[in-house]
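Structure assessment
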Amino acid sequence: NLTNTELELVNVTASWDEGIGELFEKIKQENKADDPPNGDTGLFFTNLYVTPVLKNIGLYLEKGKMLAVAGSTGSGKSSLLMMILGELVPSEGKIRHSGRISFSPQTSWIMPGTIRDNILFGLAYDEYRYTSVIRACQLEEDLALLPEKDKAPLKEGGVTLSGGQRARIGLARAVYKDADLYLLDSPFTHLDIVTEKEIFERCLCKLMSSKTRVVVTSKLDHLKRADKVLLLHNGMCYFYGSFSDLQAQRPDFSSLLLG
Ligand code: GTP
């Protein structure tokens, strides 16, 4: 049922091999020009065969639901978000979503300007919306400590942010934007456990309760609260479904989350 579905992936496979094909063609052309006497240049490229970063992934997410994407490092979680964003083009399968995406990358970036500029990012200031986001992302106290509050300039002689502050500003920017689908890549990096718990509750669960969310996180508490869990292992789907099914079908799953 597409009217209720915000995101659908059907048997999707993808590789980060853009460029390899071009490189192959380029070197082939060059070698042709040089007319290599041995003629076995092709052998070299057999070693360059690229294995897919995501293999045969299928999922669907209904409007207003939260999907937690978990898995050890390098399992393909960020690549999955890049694929939904259209940055990584699948070699097989289909992806469907309605197109209005808000994305917060794993490493949040700051542009020159005030803290407020960095959250609004060109959108109009709506006091109620802005205040709700600031509170949910636990930025209220940080701002209160600054003489210029959210008008404090960042970069070039301005305030230097901690990693956790950067992360929360990046999250606030993504949440402030109105979208149909929110892709949040490891939004809790650099945050202590208490802050992480608070932001997960207040922002991801409460403030965003009616939003469709894909959140990269391997925290057990988060997987429990998500409507769906996708557990990746070496680019493959190790599990996809509800948390209770995960416990029932993959009782050993937590060993995959430690790496
Ligand atoms: P962590 O962030 O460490 O938890 O890993 P992850 O599960 O998010 O894996 P990720 O998708 O980042 O990486 C999977 C593989 O894809 C790795 O071999 C990466 O080197 C590769 N990869 C990730 N992003 C890119 C990219 O933008 N370009 C290319 N070419 N490769 C990428």
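Scoring rules and cut-offs
- Residues numbered from 1 in each chain as written.
- Predicted model: local features only at pLDDT ≥ 70, side-chain atom pairs only at ≥ 80, totals over all residues.
- Heavy atoms only, no water.
- Near = heavy atom within 4 Å.
- Polar contact = N/O pair within 3.5 Å; in protein donor to acceptor, adjacent residues only side chain to side chain.
- Areas by Shrake-Rupley, 256 points an atom, 1.4 Å probe, with all protein chains shown as cover.
- Nonpolar A, V, L, I, M, F, W, Y, C, P; charged D, E, K, R; others polar.
- Disulfide = S-S within 2.5 Å.
- Buried < 20%, exposed > 50% of the residue type's maximum accessible area, 1.4 Å probe, protein only.
- Helix = DSSP H or I, 4+ residues; strand = E, 2+ residues; numbered from the N terminus.
- Pairing = 2+ DSSP bridges.
- Right-handed = clockwise from strand over helix to strand, strands pointing away.
- Axes fitted to C-alpha atoms, helices over the stretch in contact; angles between N-to-C directions.
- Left-handed = near helix turned anticlockwise from the far one by under 90°.
- Contact = heavy atoms within 4.5 Å.
- Lys, Arg positive; Asp, Glu negative; His and termini not counted.
- Salt bridge = Lys/Arg side-chain N within 4 Å of Asp/Glu carboxyl O.
- Core = buried A, V, L, I, M, F, W, Y, C linked by side-chain atoms within 4.5 Å.

Some points on the site of the ligand
Contacts to the ligand come from Trp16, Val53, Ser72, Thr73, Gly74, Ser75, Gly76, Lys77, Ser78, Ser79 and Gln106. Here an oxygen atom of the ligand sits 3.0 Å away from a polar atom, N or O, in the main chain of Gly76. One of the backbone nitrogen or oxygen atoms of Ser78 is found 2.8 Å away from an oxygen atom of the ligand. Its free accessible area being 640 Å², the ligand has 57% of it covered by the protein chains. For the shell around the ligand, a count of residues per class yields two nonpolar, eight polar and one charged.

Points about the state of the cysteines
Enumeration over the complete set of coordinates arrives at zero disulfides. Looking at Cys137, it has no disulfide partner, and the nearest cysteine sulfur is the one in Cys203, 4.0 Å off.

Regarding the pairing of strand 8 (residues 181-185)
Most of strand 8 is tucked away: five of the five residues are buried. A two-sided burial pattern is seen for strand 8, the buried positions comprising Leu181, Leu183 and Asp185 on one face and Tyr182 and Leu184 on the other. As paired elements, strand 5 (residues 101-104) and strand 8 share four bridges and run parallel to each other. Each residue of the ladder has a partner; that of Ile101, found in strand 8, is Leu181. As defined by bridge partners, strand 8 adjoins strand 9 (residues 212-216) across five bridges and the pair is classed as parallel. Note on strand 9: the bridge partner recorded for Leu181 is Thr212. Once you follow strand 8 into helix 8 (residues 193-207) and on to strand 9, the crossover reads as right-handed.

Considering the packing of helix 5 (residues 127-136) against helix 7 (residues 163-176)
Running from N to C, helix 5 and helix 7 point in directions that differ by 140°, and their axes come no closer than 9 Å. Considering only the axes of helix 5 and helix 7, their crossing is right-handed. Residue-level inspection shows Arg129, Tyr130 and Val133 of helix 5 in contact with helix 7, the latter providing Ala172, Val175 and Tyr176. Residues belonging to the contact of helix 5 with helix 7 are distributed by class as follows: five nonpolar, no polar and one charged.

Things to note about the side chain of Arg213
Here Arg213 lies in strand 9. No salt bridge is formed by the buried Arg213; its nearest oppositely charged neighbour, Asp227, is found at 4.5 Å. A distance of 2.6 Å separates a polar side-chain atom of Arg213 from the backbone oxygen of Leu204. Among the polar contacts made by the side chain of Arg213, one reaches the main-chain carbonyl oxygen of Ser209 at a distance of 3.3 Å. Beyond its immediate sequence surroundings of up to four residues, Arg213 is in contact with Leu61, Gly64, Lys65, Met66, Leu67, Tyr182, Leu204, Cys205, Met208 and Asp227.

Describing the environment of Asn56
Looking at the secondary structure, you find Asn56 in strand 2 (residues 54-62). Spatially, the C-alpha atom of Asn56 lies 6.9 Å from that of Met236, the residues being 180 residues apart in sequence. With sequence-adjacent residues up to four places away left out, Asn56 is seen in contact with Asn11, Val12 and Thr13.

What about the nonpolar core?
Membership of the largest hydrophobic core comes to 47 residues, with the highest contact counts inside it found for Ile119, Cys203, Leu204 and Leu231. The greatest single-element share of this core, amounting to six residues, is contributed by helix 7. If we skip the residues at most four places from it in the chain, Cys203 touches Ala136, Cys137, Leu171, Val175, Glu198 and Met208. Within the second largest apolar cluster, 23 residues are counted, among which are Leu7, Leu80, Ile84 and Leu183.

Topic: unusual backbone geometry
One non-glycine residue, Ser186, lies in the positive phi region at around 40°. Tracing the backbone shows Ser186 in the loop between strand 8 and helix 8. With phi around 75°, His190 is a residue other than glycine that occupies positive phi space. By secondary structure assignment, the location of His190 is in the loop between strand 8 and helix 8. Take His190: its relative accessible area is 62%, and that puts it in the exposed class.

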